[in-house]
Amino acid sequence: MEELRKRAEADPNDKSVKDLIMLLFETALLTSRFSLEEPNTFAARIHRMLKLGLNINDDVGAEEEDADMPTPEEEGAEERKMEEVD
């Protein structure tokens, strides 16, 4: 967690850090038996992280991948929904 915080502070626009943070959050939701509203977005994040880990660089479709990245406002909305459930 400390390393993620350092990387997020170093580059707030780093997509891999954003993906890792959202994967941690969404994985916590799943392990707590909640369901994801957009499982395809979760799967796309996992695919991006696998490509990053395997050093696969395909620029084709990069614009499509950016389209499923939630904005910070959308991420906050998800958190507010969780607070409502509690």
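See above for the structure.
Below or above, wherever it landed, is the structure these notes cover. (Residues numbered from 1 in each chain as written. Predicted model: local features only at pLDDT ≥ 70, side-chain atom pairs only at ≥ 80, totals over all residues. Heavy atoms only, no water.)

## Comments concerning the side chain of R48
Let me state the cut-off plainly: Under the scheme used here, helices are H or I runs from DSSP no shorter than 4 residues and strands are E runs no shorter than 2 residues, and both carry numbers assigned from the N terminus. Identification of polar contacts relies on pairs of N or O atoms within 3.5 Å, with a donor-acceptor requirement for protein atoms, meaning one able to donate a hydrogen and the other able to accept it, and with residues adjacent in sequence counted only if both atoms are side-chain atoms.
Locating R48 in the fold gives a position in helix α3 (residues 39-53). A distance of 2.9 Å separates polar atoms of two side chains, one belonging to R48 and the other to D19.

## Considerations on the nonpolar core
Stated formally: For our purposes a nonpolar core is just a set of buried Ala, Val, Leu, Ile, Met, Phe, Trp, Tyr and Cys residues, chained together by side-chain atoms within 4.5 Å. Buried, partly exposed and exposed residues are distinguished by accessible area as a fraction of the type maximum, computed with a 1.4 Å probe on protein chains only: under 20%, between the cut-offs, and over 50%, respectively. Any two residues whose heavy atoms approach within 4.5 Å at even a single point are treated as in contact.
Within the largest apolar cluster, 5 residues are counted, these being L23, L29, L36, F42 and M49. Non-local contacts of L23, meaning those with residues more than four positions away in its chain, are made with F42, R45, I46 and M49.

## Quick notes on unusual backbone geometry
Positive phi outside glycine occurs at R33, with the angle close to 70°. Within the secondary structure, R33 sits in the loop between α2 (15-31) and α3. For R33, a relative accessible area of 80% corresponds to the exposed category. Despite not being glycine, N55 shows a phi value in the positive range, around 55°. Position of N55 relative to the elements: it lies in the loop between α3 and α4 (62-67).

Function cannot be read off these values alone, since they describe shape.
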